[in-house]
Each structure stands twice: as structure tokens, then as C-alpha cells.
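# Coordinate analysis (summary)
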Amino acid sequence: MTLKKQYEALNVLVIDDDDFIHDMLTHEFNQLGVENIQVEISGVNALKRIKNGECFDLIIIDLIMPDMDGIEVLRHLSEYSFKGAVILLSGQDQRILDTTAALAGAQHIRVLGAIPKPITIEVLNQKLNRLFEEKAPVFNPITKDICLEELKEAIAHDEIIPFYQPQLDFSTGQLKSIEVLARWAHPRRGIVGPASFITMAEETGMIDAITRSIFRQALKQFKELSNIYGEQLNLSINLSTDSLCAIDLPEQIEDLANIHGIPCNSITLELTESRLIQNLVSTLDVLLRLRLKGFGLSIDDFGTGYSSLEQLKKIPFTELKIDRQFISDATNNKTCKAIIESSVSLAKTLSMHIVAEGVETQADWDLARDLKCDLAQGYFISKPLPFKDFVHWLNNQLTR
């Protein structure tokens, strides 16, 4: 289905007590090809329609209305398990909009944006594009009946495999680095995402076995990718913080790199900020020796934990990854943009590279580039791919 046909098929509900907003949004939607727009001045009446079975793909919600405010509307949408998306629209302070968006996300409501009034047709079009461009990863849902024996079998038979996602240099558009992401190629369930098995692996002590398996497969394949590309590339691999308890981890990884003839300084190890420091002494011991051997260290999901600055002070990171939630909202959100600007400034001062995660649109790319991020990663470039598909993607890049 073309984007135009998708727009024509949309069912939109506008909940706002201002007739001017109704007229403006109806006109803008019509210009974009959206024809089925319903309006309500009352949150109570809108919720009655939804409770009675009317389906909407998108709801525009004003935060301040006389009989029921937008926060209450969101609460009830969550109770009704609303499956569509929402755009929050208000004349309130942007910080209030941002917090409301965070609340909606915690209530499992898909928020396309939190926009101050008035919304322009350009911003509206961008949000509608995101409605269709934000593709969910092709994973089976989290499977609660996966057992430990099944996971052990998967590790033994190399069913947990590396997928690859490219990172491009903003200044040249060239491939500079590749991130490895673990996926379970399950013989019956299909591709299973990490949320279904990583926590179990960490809780049962199997995470080190997965780490070794992914490293072994990825380093062998990375050697092939580097030969195809013909230029020096960097490989980023996620490392569970639970693995940092193994005091000989630096030697294990160094040995694997040497076996495949890959310089240690071509490998960056990504650590998630929110789970980083548990046993400070052993963690610092391992991380320092990894750096002494030449490995890069990346702090992933930067800004989402509670001790970002403390982590940067204590650990010699070489790379900072700005979380996707900031990138996706920054084009129309001054708070997110300010967070990115301050993060980039801090990283540059500490001589760190900056990766913008979650680059999903041209607008995301343009903004992260203008804010002086170094590398871009996200669906705008490519989704994570298994090895053979990534080789095909890489060959297409080389022929351009």
C-alpha cells in the first residue's frame, strides 16, 4: 500500500474544545490526503465512542479541556488497551508535554509526538510519516514458556546468532562501524528478540556462554565483511554487565580477536548505562584492562539511567551513544534537543565519539548531523540484518 493510500485509510479523532483547532487540523489533514477526521470537544464523549467500539488509528489530544483533561483521557485509553497512536497537543510548557508523553509511554500508549500549539502541516506530516515508518522489529513476542534447557540447547547449536546494523559517518555518509545484536533463530518460533532470553541468561549464569558464542561468530564474520569492504571498520558488540565479574574477561576477548586476526582497537564493547556499576572494584579492574589492551568502551542508552555523569567520571569510555528516545523527539522538542546538545558538548570535551541511535527519518539525520554527532544508526539507514542479508546490503553500498 502506498503512503497516499495509507493516509486515505486513516481514521483520526481530534479531542479539543477549540473550534479553531478543529478547523485547522481538518484543513491540514485534508491537504495531506486524510479524509476521515472526527472531532469531539469533550473527552468524556470521545471515550464513550471508543468504549462503544469505534476504532481510530490516531487520536489528537489537547491536555486542557473543561470536563476531562488529557491526562485522564490517556488513563482511560490505557484501560481500554487502545492500539492506535496519539499526538499530544497543548499550549502548555514543553516540559509538561514531555512528562505527559513519558506517562503515556509508561501506560503502553504509542505517542507520535508532544507538540505545542499550533501544529504546522509540516510537523503533522512528519508525525504521520513516523506512524508508518516506525517499523517494529520482526520478532516473535516475548515467550514466557522458554525454559533453561531450551536456551542451553540453543547456545550449543549456535541458534543465537549475530545480526548486524551499520553506523554511518555523518560527514561522509560512509560506513564506519557495525553493531552486533544477538537474535535467537529459533527452529519453531522464528526470530526471537533478546528481551525473551537475555534476562534469563543473566539470571541463570548462561550469559557468558552467549557472549562467547556471539563473539566467536561475529569476529569470524566481521573478518569477511572487512575483506569485502576493503577499508578499516569498527565492530561494536554488546557486553552484559554481568560478564564484568569474570576477571579474565579481557584475556578471553583478546584471545578471540587474535585468533581471527582482528586488532583490539577495531572492537568497541557497549555497556548499558543503567546496569553498569554493581561491583565497582571488579568492574573497574576489568574495564581498565580492556582499555589497556586497546578495546573501545561505549556507554549505551546514555541519559536514561540515574548516574550518567558518575559513570563518565569513573570509567574511561571512548564512545557515547545517545538514546533513541532523545533522537526521535528532538526535531520538535526543545528539551530533547538541549539534552543532545549538552551530551555532545560533554562527549567532545572528553574526546569521545558520539553515536546517534534511533535515526529513523531524514529529519532525525539532519538534526543529529547538525548537532555534531559523529555516527548515525537506525532504520533510516538499515534495520539489523543477519549476516547474508548484511553482505547484500554492503555490496549495494559499494556499488553506489
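Scroll up a little and you will see the structure.
### Describing the packing of helix 3 (residues 43-51) against helix 4 (residues 70-79)
Look at helix 3 against helix 4: their axes get within 10 Å of each other, and the N-to-C directions meet at 10°. Accordingly, the angle class assigned to the pair helix 3 and helix 4 is roughly parallel. Where helix 3 abuts helix 4, its residues Gly-43, Leu-47 and Ile-50 lie against Val-73, His-76 and Leu-77. In terms of residue class, the contact of helix 3 with helix 4 is made up of four nonpolar, two polar and no charged.

### Some points on unusual backbone geometry
Note that the residue after Lys-117, namely Pro-118, is joined by a cis bond; omega there is -5°. Looking at where Pro-118 falls in the secondary structure, it is placed in the loop between strand 5 (110-116) and helix 6 (121-133). Look at Ser-81: it is not a glycine, yet its phi comes out positive at around 55°. The topology assignment puts Ser-81 in the loop between helix 4 and strand 4 (85-90). Exposure remark for Ser-81: the relative accessible area of 43% places this residue in the partly exposed category.

### Comments concerning the sheet that holds strand 5
Ordered by their spatial adjacency, five strands build an open sheet running 2-1-3-4-5, and the pairing between neighbours is parallel. Since the sheet does not close on itself, it has two edges, and those belong to strand 2 (36-40) and strand 5, each with one partner. The mean angle between the axes of side-by-side strands here comes to 15°, regardless of whether they run parallel or antiparallel. Pairing of strand 4 with strand 5 involves six bridges; the strand directions are parallel. In the strand pairing of strand 5, Ala-85 is matched with Arg-110. Of the strands in this sheet, strand 1 (11-15), strand 3 (58-62) and strand 4 touch helix 4, which is tilted by about 150° from strand 3. Here helix 5 (residues 94-106) sits on the sheet in contact with strand 4 and strand 5, set at roughly 170° to strand 5.

### Brief notes about the pairing of strand 9 (residues 234-238)
Along strand 9, four of the five residues are buried, which leaves the element largely enclosed by surrounding structure. Both strand 7 (residues 175-186) and strand 9 contribute to a ladder of four bridges, which runs parallel. By the bridge assignment, Glu-179 is partnered in strand 9 with Ser-236.

### Things to note about the packing of aromatic side chains
The tally for this structure, following the rule as stated, stands at six aromatic pairs. Here the aromatic rings of Trp-365 and Phe-380 are separated by 6.2 Å at their centres, their planes lie at 50°, and the arrangement is tilted. Residue Trp-365 is found in helix 15 (residues 362-370), and its partner Phe-380 is found in the loop between strand 14 (375-376) and strand 15 (385-386); the two are separated by 15 residues along the sequence. When its relative accessible area of 11% is taken as the criterion, Trp-365 is described as buried. With relative accessibility at 34%, the residue Phe-380 sits in the partly exposed group. Through successive ring pairs, a cluster of aromatic residues spans Tyr-164, Phe-387, Phe-390 and Trp-393.

### So, the pattern of salt bridges
Two side chains bearing opposite charge may form a pair once their charged atoms approach each other closely. Using the criterion set out here, one finds 18 salt bridges in the structure. Note that Glu-270 is salt-bridged to Lys-321, the shortest N-O span being 3.0 Å. Of this pair, Glu-270 sits in strand 10 (residues 267-272) while Lys-321 sits in strand 12 (residues 319-322); the two residues are 51 residues apart in sequence, bridging distant segments of the chain. With relative accessibility at 0%, the residue Lys-321 sits in the buried group. As a salt-bridge pair, Glu-357 and Lys-321 come within 3.4 Å of each other at their nearest N and O atoms. One end of the pair, Glu-357, is in the loop between strand 13 (353-356) and helix 15; the other, Lys-321, is in strand 12, with 36 residues separating them in the sequence. Assigned by exposure class, Glu-357 and Lys-321 land together as buried. Several salt bridges share partner residues, and in doing so they unite Glu-251, Glu-254, Asp-285, Arg-289 and Lys-293 into one network.

### Structural notes on the packing of helix 9 (residues 207-229) against helix 10 (residues 249-259)
Where helix 9 contacts helix 10, the two axes come as close as 10 Å, and the packing angle between them is 25°. Comparing their axes, helix 10 and helix 9 come out roughly parallel. Two packed elements cross with a definite hand, and for helix 9 against helix 10 that hand is right-handed. Contacts between helix 9 and helix 10 involve Arg-212, Phe-215 and Leu-219 from the first element and Gln-252, Ile-253, Leu-256 and Ala-257 from the second. Across the contact of helix 9 with helix 10, the residue classes break down as five nonpolar, one polar and one charged.

Cut-offs used in this document
Residues numbered from 1 in each chain as written. Predicted model: local features only at pLDDT ≥ 70, side-chain atom pairs only at ≥ 80, totals over all residues. Heavy atoms only, no water. Axes fitted to C-alpha atoms, helices over the stretch in contact; angles between N-to-C directions. Helix = DSSP H or I, 4+ residues; strand = E, 2+ residues; numbered from the N terminus. Parallel < 35°, antiparallel > 145°, perpendicular 65-115°, else oblique. Contact = heavy atoms within 4.5 Å. Nonpolar A, V, L, I, M, F, W, Y, C, P; charged D, E, K, R; others polar. Buried < 20%, exposed > 50% of the residue type's maximum accessible area, 1.4 Å probe, protein only. Pairing = 2+ DSSP bridges. Phe/Tyr/Trp six-rings, centres within 6.5 Å; stacked < 30°, edge-to-face > 60°. Salt bridge = Lys/Arg side-chain N within 4 Å of Asp/Glu carboxyl O. Left-handed = near helix turned anticlockwise from the far one by under 90°.

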